[in-house]
Amino acid sequence: MQTILYINGSTDSGPYRMKLAGLKRYSRMKKWSGKVVYCARGEFSVHELLAEYSPIGVVVEGCFKPNIIPAEEFEGLPVVYLDIDPDFDVGDCDIVIHRAADTARCAFEGLASAGVDSFAYAGWFTNESWTLRREALFAAAAREKGFEPFLFRSSHSETERDAYMRDLSDWLKKLPRNTGVLAANDAVASCVLTCCRDLGIDVPGEIALVGVDNERMRCEGETPQLASVQLDFEQAGFLAGMTLDARIAQPQAPRRVVEFGPLGLIRRASLRSSPVIGKKMASSMELIRNRACEGLSAAEVVAYIGGSRRSAEMRFRETVGKSILEEIMDIRFARLYHLLEHTDITLDALASFCGFNSLETLRKLFRRRTGLSLREWRNSRRMRANSPGERLPSPVFR
């Protein structure tokens, strides 16, 4: 069995694990054996790795410059760089990079849908090119619609967190209320939430907030829970395998730059409501977000809101623009679409995973909504997803 190396230049994070899952999926198709190296630059000898495993190719992952290993150290092997800063000089090697413009647009549209009056971007600790690019693209999306965004940049390192938080707090104090803030990533979004709590700024009542990466443990562990743009990291790993395979087959082919985009916006409480939505209604929508796939019924939501069924439904529709049941079904189908496309969960198990009473009920509802069977939809999406030239839409997961 042929071996490939996957060198992790970042950390054991959720995004990294998803990239690894995508690469493993492609490796299974090719019957490759994969060796994962969980080390940062300088903690291992590339020459010794090559001597031990005799790989046919290498994938180098990570966006942090000190960890990027120059291609020449791999002694002429095919190398693909995955999710690195496109400004990094990796010579003639193929790269698989994030389509940042789509993520910025997805975040802007999500914040705009919350009815905010202004927009802002909270940058990373240091002015790395990836956060400046995300800032520029988000600002461009805002300016296209006639808004001049408020921008926060920091010159502090991650070890100077206290100084960073002081500067961030001073900036947040000056923001107009009813502003939509895109944070550079979920870690920055957590910092924004902490500062807002200390300042007495209500999220999402006065500031709507969106992060990037959808680090689920972080996002769902915050109060309120963080909305975040989910990047298609699993597909990124798959594309890295596909690109490496093409390079192995055609060593002299022109350099390839392959892009992966966002899956969509995962809405949670930091974005869910606009300033006119009461806390009770906002928390009822969070209840649906958390429990729709556990079999939550519309009657349970009505009981939580209080009052008669008619009045609760009217208040909910005025706030969300749809009925309670429609919202529950949208949440269930968002999870269903993701599981169908990105996992190998059997069709029999999907109903219980997504809160439907039975597989037969799910099949009927799915065909009514899409015009396809579950299997037809899964096969068609995977065929499209496995084509590097195909750009997939970026839905908003409500």
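Residues numbered from 1 in each chain as written. Predicted model: local features only at pLDDT ≥ 70, side-chain atom pairs only at ≥ 80, totals over all residues. Heavy atoms only, no water.

Here we look at the pairing of strand E6 (residues 118-122)
Then step 1. Among the 5 residues in E6, 5 count as buried, and that is most of the element.
Then step 2. Here 5 bridges tie E6 to strand E8 (residues 179-183), and the two strands are oriented parallel to one another. Following the sheet pairing, Ala 122 is matched in E8 by Ala 183.
Then step 3. Direction of pairing for E6 relative to strand E7 (residues 150-152): parallel, over a ladder of 3 bridges. What sits directly across from Ala 122, in E7, is Phe 152.
Then step 4. The β-α-β motif built from E6, the intervening helix H4 (residues 129-144) and the parallel element E7 has right-handed crossover chirality. (Buried < 20%, exposed > 50% of the residue type's maximum accessible area, 1.4 Å probe, protein only. Helix = DSSP H or I, 4+ residues; strand = E, 2+ residues; numbered from the N terminus. Pairing = 2+ DSSP bridges. Right-handed = clockwise from strand over helix to strand, strands pointing away.)

Topic: the sheet that holds strand E4 (residues 79-82)
Within a sheet, each strand pairs with its neighbour through backbone hydrogen bonds, oriented either parallel or antiparallel.
Then step 1. Judged by pairing direction, the sheet is parallel, and its 6 strands sit side by side in the order E2-E1-E3-E4-E5-E11 without closing on themselves. Because the sheet does not close on itself, it has two edges, and the strands there are strand E2 (33-37) and strand E11 (257-260). Direction aside, neighbouring strands of the sheet carry axes that sit 20° apart on average.
Then step 2. Sheet topology places strand E5 (residues 94-98) next to E11; 4 bridges connect them, and they run parallel. Each residue of the ladder has a partner; that of Val 96, found in E11, is Val 258. (Axes fitted to C-alpha atoms, helices over the stretch in contact; angles between N-to-C directions.)

Remarks on the nonpolar core
Then step 1. Residues Leu 168, Leu 172, Leu 209 and Val 210 are the most contacted members of the largest nonpolar core, which totals 71 residues.
Then step 2. If we skip the residues at most four places from it in the chain, Leu 172 touches Arg 177, Val 192, Cys 195, Cys 196, Leu 199, Ile 201 and Ile 207. (Core = buried A, V, L, I, M, F, W, Y, C linked by side-chain atoms within 4.5 Å. Contact = heavy atoms within 4.5 Å.)

Here's the deal with unusual backbone geometry
Then step 1. For the peptide bond that leads from Val 203 to Pro 204, omega is 15°, which places it in the cis range.
Then step 2. Relative to the elements of secondary structure, Pro 204 occurs in the loop between helix H6 (186-199) and strand E9 (207-212).
Then step 3. Following Thr 223, the chain continues into Pro 224 via a peptide bond in cis, with omega recorded as -5°.
Then step 4. Structurally, Pro 224 can be placed in the loop between helix H7 (216-221) and strand E10 (227-231).
Then step 5. We note that Lys 31 has phi near 60°; this positive angle belongs to a residue other than glycine.
Then step 6. Topologically, Lys 31 is positioned in the loop between helix H1 (14-30) and E2.
Then step 7. Classification of Lys 31 as exposed rests on a relative accessible area of 60%.

Observations regarding the packing of aromatic side chains
Then step 1. Per the stated rule, a full pass over the model turns up 20 aromatic pairs.
Then step 2. Judged by centre distance (5.4 Å) and plane angle (35°), the ring pair of Phe 152 and Trp 171 falls under tilted. With Phe 152 in strand E7 and Trp 171 in helix H5 (residues 161-174), this residue pair connects regions lying 19 residues apart in the sequence. Neither Phe 152 nor Trp 171 differs from the other in exposure class; each is buried.
Then step 3. Here the aromatic rings of Tyr 337 and Phe 366 are separated by 6.2 Å at their centres, their planes lie at 65°, and the arrangement is edge-to-face. One end of the pair, Tyr 337, is in helix H13 (residues 324-342); the other, Phe 366, is in helix H15 (residues 359-370), and 29 residues separate them in sequence.
Then step 4. Given the relative accessible area of 22%, Tyr 337 is considered partly exposed.
Then step 5. Take Phe 366: its relative accessible area is 0%, and that puts it in the buried class.
Then step 6. Ring pairs connect the aromatic residues Trp 124, Phe 125, Trp 130, Phe 152, Tyr 164 and Trp 171, which therefore count as one cluster.
Then step 7. The ring of Phe 356 carries Arg 332 above its face, with NZ or CZ at 5.8 Å from the centroid. (Phe/Tyr/Trp six-rings, centres within 6.5 Å; stacked < 30°, edge-to-face > 60°. Lys NZ or Arg CZ within 6 Å of the ring centre and 35° of its normal.)

Some details on the confidence of the model for the protein chain
Then step 1. On average, residues of the protein chain score 85 in pLDDT, and 90% of them are at 70 or above.
Then step 2. Mean pLDDT values over the elements of the protein chain span from 36, in strand E13 (residues 396-397), up to 98, in E6.
Then step 3. Taken as a whole, residues 388-398 scores under 50 in pLDDT and shows 33 contacts with residues more than four places along the chain or in a different chain. (pLDDT = per-residue confidence, 0-100.)

Notes on the packing of helix H3 (residues 100-113) against H4
Then step 1. One can describe the packing of H3 onto H4 by two numbers: an axis separation of 8 Å at closest approach and a directional angle of 50°. Between H3 and H4, the crossing angle belongs to the class labelled oblique. Here H3 and H4 pass one another in a crossing that is right-handed. When H3 is examined against H4, the residues Ala 100, Ala 101, Ala 104, Ala 107, Phe 108 and Leu 111 are found in contact with a partner set consisting of Arg 133, Arg 134, Leu 137, Phe 138, Ala 141 and Ala 142.
Then step 2. Residues belonging to the contact of H3 with H4 are distributed by class as follows: 10 nonpolar, no polar and 2 charged. (Parallel < 35°, antiparallel > 145°, perpendicular 65-115°, else oblique. Left-handed = near helix turned anticlockwise from the far one by under 90°. Nonpolar A, V, L, I, M, F, W, Y, C, P; charged D, E, K, R; others polar.)

A closer look at the packing of H13 against helix H14 (residues 347-354)
Between two packed helices, the angle of one axis relative to the other and the distance separating the axes together describe the packing.
Then step 1. Closest axis-to-axis distance for the H13/H14 pair is 10 Å, and the angle between their directions is 145°. Of the two elements, H13 crosses H14, and the hand of that crossing is right-handed. Contacts from Arg 332, Arg 335, Leu 336, Leu 339 and Leu 340 of H13 reach H14 at Leu 347, Leu 350, Phe 353 and Cys 354.

Observations concerning the pattern of salt bridges
Any two side chains of opposite charge can pair, so long as their charged atoms come close to each other.
Then step 1. Counted by the stated rule, this structure contains 22 salt bridges.
Then step 2. With its nearest N and O atoms 2.7 Å apart, the salt bridge here joins Arg 153 to Glu 135. Of this pair, Arg 153 sits in the loop between E7 and H5 while Glu 135 sits in helix H4, and the two are 18 residues apart along the sequence.
Then step 3. Within the structure, one salt-bridge network assembled from shared partners comprises Lys 322, Glu 327, Asp 330 and Arg 369. (Salt bridge = Lys/Arg side-chain N within 4 Å of Asp/Glu carboxyl O.)

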